[in-house]
Amino acid sequence: MSTAMNFGSKSFKPRAPDKGSFPLDHFGECKAFKEQFMKCLRDNSFDNSMCRLQSKEYLECRMDHQLMTKEPLEKLGFKDLMDPPPSQANRDTKP
C-alpha cells in the first residue's frame, strides 16, 4: 500500500497574488529605501503622512525590481508628488 496521495486528474493552476500582496525582497534590492522609510516613520511618531516621499521611492524601487506590479503612482495616491509634465514645468518658470 502506498502512502503517497494520488491527486489524479487535478492539476495545479498558478494564479497571480491577490491585490496588495507581493513577494518579499529576499535579495535586499530595496532595503535602503525601506530603511529610510522606517527611519522617517520612527522620527515622526509613525505619522505616515510625513513620510510620503520615502514611501513613494520605496514603492518605485519595488516596481523597478519587479517585486510588485507596476502601477501608475497617481493610482497609488502620489499624484501630488509627481513631477509636472515638461511643457507645464516650462510655463511655470517663465514670467
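How each quantity is defined
Residues numbered from 1 in each chain as written. Predicted model: local features only at pLDDT ≥ 70, side-chain atom pairs only at ≥ 80, totals over all residues. Heavy atoms only, no water. Salt bridge = Lys/Arg side-chain N within 4 Å of Asp/Glu carboxyl O. Helix = DSSP H or I, 4+ residues; strand = E, 2+ residues; numbered from the N terminus. Buried < 20%, exposed > 50% of the residue type's maximum accessible area, 1.4 Å probe, protein only. Disulfide = S-S within 2.5 Å.

Explain the pattern of salt bridges to me, and be specific about the residues and the numbers.
Once their charged atoms are close, side chains differing in charge can pair, the charge on each being opposite to the other. For the structure on display, the rule yields 6 salt bridges. The partner of K39 in a salt bridge is D43, and the shortest N-O contact between them spans 2.7 Å. Here D43 and K39 lie together in helix α1 (residues 31-43), a separation of 4 residues that amounts to about one turn. For D43, a relative accessible area of 51% corresponds to the exposed category. Across the pair D80 and R52 runs a salt bridge whose closest N-O atoms are separated by 2.8 Å. Of this pair, D80 sits in the loop between α2 (52-64) and α3 (86-93) while R52 sits in helix α2, and the two are 28 residues apart along the sequence. Residue R52 is classed as partly exposed on the basis of its relative accessible area of 24%.

I'd like a rundown of the state of the cysteines, residues and numbers included.
Following the criterion strictly, the structure yields 2 disulfides and no others. Each sulfur in the disulfide pair C30 and C61 lies 2.1 Å from the other. Linking C30 and C61, the disulfide has an S-S dihedral of approximately -90° and is accordingly described as left-handed. With C30 in the segment before α1 and C61 in helix α2, this residue pair connects regions lying 31 residues apart in the sequence. You'll find C30 and C61 in the same group, each marked buried. There is a disulfide in this structure between C40 and C51, and the S-S distance comes to 2.1 Å. Because the torsion about its S-S bond is -95°, the bridge between C40 and C51 counts as left-handed. Here C40, found in helix α1, pairs with C51, found in the loop between α1 and α2; they are 11 residues apart in sequence, far enough to count as distant. As far as the burial class goes, C40 and C51 line up, both buried. Each disulfide of the protein chain joins two cysteines, and with those cysteines numbered along the sequence the arrangement is 1-4, 2-3.

Interpretation in functional terms is not warranted from these geometric data alone.
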